[in-house]
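# Architecture at a glance
Listed below are the residues making up each chain.
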Amino acid sequence: MSGTGIDPAPGEATLSRAGRWIGASVPRREDPRLLTGRGRFVDDLDRVGLLHCAFVRSSVAAAGVEHLDLAATRNVDGVVAAYSAADLALGELTAILERPEFTVTSMPILAGDRVRYVGEPLAIVVAEDAYAAEDGVDAALVDYRPGTAITTMDQALEAGAQQVHAELIENTVLDLEPFSDPHIGAVFDAAACVAEVDVRTGRQNATPLEPRGCLAEWDARDEQLVVHVSTQVPHQVRTAIARCLRLPERSVRVIVPDVGGGFGLKCVVGREEVAAAAVALRLRRPVKWIEDRRDSLTASFHARQQAYRARAAFDADGRILALEADVRCDVGAYSVFPFTSGVEPLMAATELPGVYRVPRYHVRARGIATNKAPTAPYRGVSRPQIVLVMERLMERAARELHLDALDLRRVNLIEEFPYTGINGITYDPGSYRASLDLCEQQLRDEGWYDRRAQPTADGTVLGIGYACFNERTGYGTEAFSQRKMTVVPGYDIAGVRMDSDGTVSLTTGTSSHGQGHETTLAQVAADQLGLPPTAIKVRQGDTDLVTYGWGTFGSRSAAIGGGAVHLAAGRLGDKVRIVAAHLLDAEAADIELVDGQARHRDQPERSLSLAAVAEIAYLRAHRLPKGVDPGLTAEAAFDVLTSGTFSNATHGVVAALDPATGQAQILRYFVVEDCGVVINPRIVDGQVRGGVAQGIAGALFEEIRYDEQGQPTTSTLIDYLVPTATEIPVIDIMHLETPCTFTETGAKGMGEGGTIGAPAAVLNAVNDALRGTGVELDSVPIRPDAVHRALGGNS
Amino acid sequence: MKPAPFTYHRAHDVRGAVESLHELGEDAKLIAGGQSLVAMMNFRLARPSALIDVNRIDALRYLRRDGEGLRIGALTTHHTVESSGSTAALAGFGVLSHAARWIGHYPIRTRGTIGGSIAHADSTAEWCLLAVLLDAQIVVRGQVGERSVAAADFFHGFLTTALEPEEMIVEILFPRPAPHAALSEFAQRKGDFAIVAAAVDLDVEDGVCSAGRIALGGVDAVPIRVPEAESLLQGAPATAETFRAAADAAAAAVEPGSDAHGDADYRRGLARTLIERACAQAIAV
Amino acid sequence: MKDLQLITLTVNGTEHELVVESRRTLADVLRHDLGYTGTHLGCEHGICGACTVLIDGSPARACLTFGVQADGCSISTVEGLASDGELSDLQRAFSERHALQCGFCTPGFLMLAEAYLAEYPNPSTEEVREVVAANLCRCTGYQGIVEAISDVARSRRESR
Ligand SMILES: Cc1cc2nc3c(=O)[nH]c(=O)nc-3n(C[C@H](O)[C@H](O)[C@H](O)COP(=O)(O)OP(=O)(O)OC[C@H]3O[C@@H](n4cnc5c(N)ncnc54)[C@H](O)[C@@H]3O)c2cc1C
Ligand code: FES
Ligand code: FES
């Protein structure tokens, strides 16, 4: 595409076998700039007179603030200003669930008279460069009146425990029993087998490689505060800034540059983003905040720290009769905007039954506050845990019933669709059984079962493990409304415009940060408009450009954002056909859009280029048919009105456990997955692999830890073990395709599945390697020292 | 994570570096590869008032063999040692180039230096461990001249050494070849500092160990030798049974501490396993 | 008082003379004083490798080197890989193997691979994997990166 000013992506773009762009591994449009250093991440932005800020943060986990002295800070060479909470007097961030079981707490932008976790921001220091800003932070003096740090859920629930917020009772933010069954105990009493597990999962940080950051500037001409933020949710950041600064929304513009990963951590609003914006407004100078890795690990957002006590009753054939669970989620010190700290308990309680038929279900789920960094949704949100719980229950029951663990799963897998579960969710068609069968077959064909039976040369023991799961995606407004947030995400809006030369740009409310939407959404529109994807420029992440959007999280973008693009591009195509039909003296229904042409279906020689049609629509509008407005634009909203659409997969893992060190090494990772119609296979595979890597990280390596005083002990990447290429294996993927019947493209979301399935599959493989030792592990991360100890230590 | 201010000084020879150390006072520090120091400065855990950059003292980048043994200039990078395995200077010292591959990663090894590693004195650092194992001499230069400190006396405690504030390490001298030496270590993530590292150096002839040395890192504040285990190697057949007995003795002898990466018992277990593995490798070479 | 130094850096062949504060890391000097923003910072303590550049041809963490230390040196950054708008073989291979998603880690991996392949033209896949382990990527699971570098090693070998 010369002359478009657009870089061609490397490699040839070819249509999929079906002759459509959907389904083709179109090279990514994002790549050329990212490969040449021309990407523009927020810290790459520069401005004349730019100021840099850093935050004075609490050094203690729970305390009253007696005195905050910024006098010395203000005298530091290069420091321009320093502000406390009282100086800025900003509104607070309050996220609400309209449920009686939820207690509302607020998060101030800067802490005032009380701090609730190590790293909580107390003051903002603005300086000529980032170095001087840190010098200023160093010079600040804070006097604390120390309180008791609540660092574990058990401690939080103790009678008479200090409350993290005065509003809370038993430090409980949310306590719900969405499914209760008072007589379920009788089922357990009568069951042939009751399997029980006690599962704990470690606290994690999503660790996008680019930490958070923003650049805020006052545009004096437009009288608008422009904030460039590394976020997944630009419109929600705009709302938060407008509310806290008491500005009308139109006076705030949020622009998202290239984003170096998010994984959920950037789908909530950061206090620092609001504070930096406030200071830019106050000083009328551009202000940049770039989070460093220590703050990112200790003071951004965490996730995943949960405890389950769960049991399932089975009949003698292995059929599940009942499921009961008590779920506790350590949500940290604050409830985040807009999602609240209820996300994890809500997700866990609703989705626990997963891919299995569960006739009776009782669950209690709680969100418990502690003096640790707040939690945000992280890729998979509770589903890595619930899959782990269910898959452990399956393994345990199989052992007790002397059944094959995969056969036991087969007895229970949902096979008839749509299936409405005890949890009120309707599951659209998937390939649950087939994915399991194929995954097992693959590992058998590769000879792993034979190898497992042989002793190894190096003394390691091989184990094979599986996880079967589904991934609810494409949460629409209906599904989200059941959470009872006051802010209900769901739909998305797309706009498409063809300019007078026939080039197309489209806007979307989703906000890509590695998923390649500039490519995939262009593919979706390309099929509608008969253009190559390279002719379509995707614009996103700018609140002045996009009507409204919910950003990118929860694997929603392909299903819902893609749906909106499909509809909008379809509407634009309709208008093009009407104009072309008029000019070609034909019926609109007979016009098809192919290869940049509008042509008569049966007489292809009767055709016009889209450029010619567009020229008429704008520059010679007198030639338009009567009643047709000039211009070629269309907008469309799309929503999913059901429970959402479910991708599914089975993961198969072969691990080698070294009993001497307690370390497990993954030898083989195989995924059979079904996400409906694949828009771009290469991108889908990338999402699966990256997801699996994060799941393995949670299973074997990563854990955010605190000491008893609430001091973080994993504040560097030396202690927080993000795995490297030598820890992550080759991951092979087989695709099944059960199209979604109600998304416009047949696609299901799939951004989280890899992460969801991996911990359970890895844990099962390690347990298989431990067979015969009497040791069974139910928690992650699996720490080598713990394995060593469980195996009897040195005795 | 930006470092606190300091003044920068560049040394062009050892004398200049040592003089600057004297003039700039005890808050001044040398910077070699910067692979340990700068990270600590970025966290503001180290706040030297002045840095003396010794990287341009090219005279300290060498691997040389003479009658007294193998001499490695303090500014020799890990990578240089790693890629000099087949040179004459390293004949009989293959363990050094093998061990270098355990240090961090390629871009760390191209910058980090052996002198910096010894000065930094992490108990699981490969060079510190091998210095103790192979009875290296640490040659240091101060205002008053040069002195040589035996590795066994050099490491005093966690990140502390016999180095005086105004002294600089100029050379590491390994007095005797170690054809049957090997290093084995365990970290959860490859390239990280080991939780426990074990290095052994065996004198074997006709299948019998006439003597053997064992050093462990990660079981004490400094790398240590384990005489209780070494004595079991003396005159014993070079077999798996002998190595197991020595490893058991070592595990019983050490008193490791506990931290987030593992408790004392785990470290003991690792020490035993890693000694056995290192012995097996040592006789295989 | 700031400790200021006059230094000369040759970046991708272009010579720059500038005054920097001693404590500014090479990464900040490249990014913010000279505008080579392709070099990224992901940790500032040597683990992630997003800041990897070549100093006189050898790979280094630009977050663990002060700008003043590189005085008089020749620096290569990701901006210098493509010539005349043509992506290098390595850059093309990264795209073809989908070795990048968000792209934040990509410049570091490209520079790492560039240095590595120059020194070791015949690596095995295992060796490539080991060198790739020097840097972190949170998005891809590394497979595409390993494949891309192995592809380039193979094709350079074949075209020699
Ligand atoms: C990601 C990563 C992984 C690593 N993994 C390992 C590992 O597995 N094993 C390992 O051993 N190391 C590891 N390191 C550290 C690395 O080996 C360092 O190179 C080494 O510890 C210090 O050497 P340097 O030349 O970089 O010293 P610098 O960082 O420059 O200095 C370190 C200290 O030594 C002092 N110093 C330096 N040179 C001299 C001298 N000649 N005389 C007196 N004092 C001196 C300095 O003043 C400073 O106090 C790792 C580093 C990183 C960033
Ligand atoms: S920023 Fe330099 S290694 Fe991470
Ligand atoms: S592509 Fe995002 S960190 Fe590597």
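Keep in mind the model is a prediction, meaning the values are calculated, not measured. (Residues numbered from 1 in each chain as written. Chains lettered and ligands numbered in written order. Predicted model: local features only at pLDDT ≥ 70, side-chain atom pairs only at ≥ 80, totals over all residues. Heavy atoms only, no water.)

B:Leu30, B:Gly34, B:Ser36, B:Thr113 and B:Glu126 are the nearest of the 32 residues found near ligand 1. In this structure, ligand 1 sits where chains B and C come together, each supplying nearby residues. B:Gly33 has a polar backbone atom sitting 2.8 Å from an oxygen atom of ligand 1. Burial of ligand 1 by the surrounding chains reaches 94%, relative to a free accessible area of 950 Å². Looking at the shell around ligand 1, the elements that each hand over two or more residues are β2 (28–31), α6 (114–120) and β10 (168–174) of chain B. The element best represented in the shell around ligand 1 is α6(B), accounting for four residues. Considered class by class, the residues forming the shell around ligand 1 number 16 nonpolar, 13 polar and three charged. (Near = heavy atom within 4 Å. Polar contact = N/O pair within 3.5 Å; in protein donor to acceptor, adjacent residues only side chain to side chain. Areas by Shrake-Rupley, 256 points an atom, 1.4 Å probe, with all protein chains shown as cover. Helix = DSSP H or I, 4+ residues; strand = E, 2+ residues; numbered from the N terminus. Nonpolar A, V, L, I, M, F, W, Y, C, P; charged D, E, K, R; others polar.)

Turning our attention to the pattern of salt bridges. All names here are of chain A. Evaluated as defined, the whole model comprises 94 salt bridges over all chains. For arginine 771, the salt bridge goes to aspartate 768, with nearest N and O atoms at 3.8 Å. The partly exposed category is assigned to arginine 771, whose relative accessible area is 34%. Using a relative accessible area of 15% as the deciding quantity, one classes aspartate 768 as buried. (Salt bridge = Lys/Arg side-chain N within 4 Å of Asp/Glu carboxyl O. Buried < 20%, exposed > 50% of the residue type's maximum accessible area, 1.4 Å probe, protein only.)

Attention now goes to the environment of C:Thr10. All names here are of chain C. Secondary-structure assignment places threonine 10 in strand β1 (residues 4–11). The sequence separation of threonine 10 and isoleucine 75 amounts to 65 residues, and the corresponding C-alpha distance is 5.9 Å. Discounting chain neighbours no more than four positions away, the residues touching threonine 10 are Glu15, Cys73, Ser74 and Ile75. (Contact = heavy atoms within 4.5 Å.)

In this complex, chain A contributes 55 residues to the contact, which on the side of chain C involves 50 residues. When the two sides are added together, the surface that chain A and chain C hide from each other amounts to roughly 4,200 Å², 57% of it contributed by carbon and sulfur. Contact with chain C buries area across many residues of chain A, yet A:Leu35, A:Tyr131 and A:Leu209 alone supply 20% of it, more than any other trio. Counting across the interface, chain A meets chain C through four salt bridges. Here A:Asp44 makes a salt bridge to C:Arg31, at a shortest N to O gap of 2.8 Å. The set of elements that each furnish at least two residues to the side of chain A that touches chain C consists of α1 (31–35), α4 (130–139), α19 (681–701) and β30 (731–736) of chain A. (Buried area = accessible area lost by both parts, 1.4 Å probe.)

We now examine the environment of A:Arg357. Residues and elements named next belong to chain A. Checked against the element boundaries, arginine 357 lands in the loop between α10 (343–351) and β17 (361–369). Using a relative accessible area of 31% as the deciding quantity, one classes arginine 357 as partly exposed. Each C-alpha atom, one on arginine 357 and one on glycine 421, is 7.1 Å from the other, the two residues being 64 residues apart in sequence. In this view, arginine 357 contacts Ile320, Val411, Asn412, Leu413, Ile414, Glu415 and Tyr419; residues no more than four positions away in its chain are not counted.

Residues and elements named next belong to chain A. Ordered in space as β23-β22-β21-β27, the four strands form an open sheet in which the pairing is mixed. In this open sheet, the two strands that pair with only one neighbour each are β23 (536–540) and β27 (633–638). Each neighbouring strand pair of the sheet contributes to a mean axis angle of 20°, computed without reference to strand direction. Alignment of strand β21 (residues 492–498) against β27, held across six bridges, turns out to be antiparallel. Bridge assignment links valine 496 to a residue of β27, and that residue is alanine 634. The strands touched by helix α16 (residues 517–529) within the sheet are β21, β22 (504–508) and β23, with β23 carrying the most contacts at an inclination of about 130°. (Pairing = 2+ DSSP bridges. Axes fitted to C-alpha atoms, helices over the stretch in contact; angles between N-to-C directions.)

Residue and element names in this part refer to chain A. Under the criterion given, the structure shown has 17 aromatic pairs over all chains. With centroids separated by 6.1 Å and ring planes inclined at 50°, the aromatic side chains of tyrosine 419 and tyrosine 427 adopt a geometry described as tilted. In this structure, tyrosine 419 and tyrosine 427 share a single accessibility class: buried. When the ring of tyrosine 475 is compared with that of phenylalanine 480, the centres are 5.2 Å apart and the planes differ by 40°; the resulting orientation is tilted. Residue tyrosine 475 shares its accessibility class with phenylalanine 480, and that shared class is buried. Positioned above the aromatic ring of tyrosine 475, the side-chain terminus of arginine 483 is 5.5 Å from the ring centre. (Phe/Tyr/Trp six-rings, centres within 6.5 Å; stacked < 30°, edge-to-face > 60°. Lys NZ or Arg CZ within 6 Å of the ring centre and 35° of its normal.)

Accessible area lost on assembly of the parts is the figure often given for the size of an interface. Residues and elements named next belong to chain A. The domain boundaries assigned to chain A delineate domain 1 (51–147 + 211–259 + 266–299), domain 2 (383–474 + 643–790) and domain 3 (491–638). Measuring from the centre of the C-alpha atoms in domain 1 to the corresponding centre in domain 2 gives 38 Å. Listed by partner, the interface residues are eight residues for domain 1 and 11 residues for domain 2. In this assembly, domain 1 packs against domain 2 so that about 670 Å² is buried in total across both faces, 66% of it on carbon and sulfur atoms. For domain 1, the biggest contributors to the area lost against domain 2 are Val118, Leu297 and Thr298; these three give 67% of the whole. Where domain 1 packs against domain 2, one counts zero salt bridges. For the pair domain 1 and domain 2, the interface holds one residue pair in polar contact (both at pLDDT 80 or more). In terms of residue class, the side of domain 1 that touches domain 2 is made up of four nonpolar, two polar and two charged. (Domains from an automatic or database assignment.)

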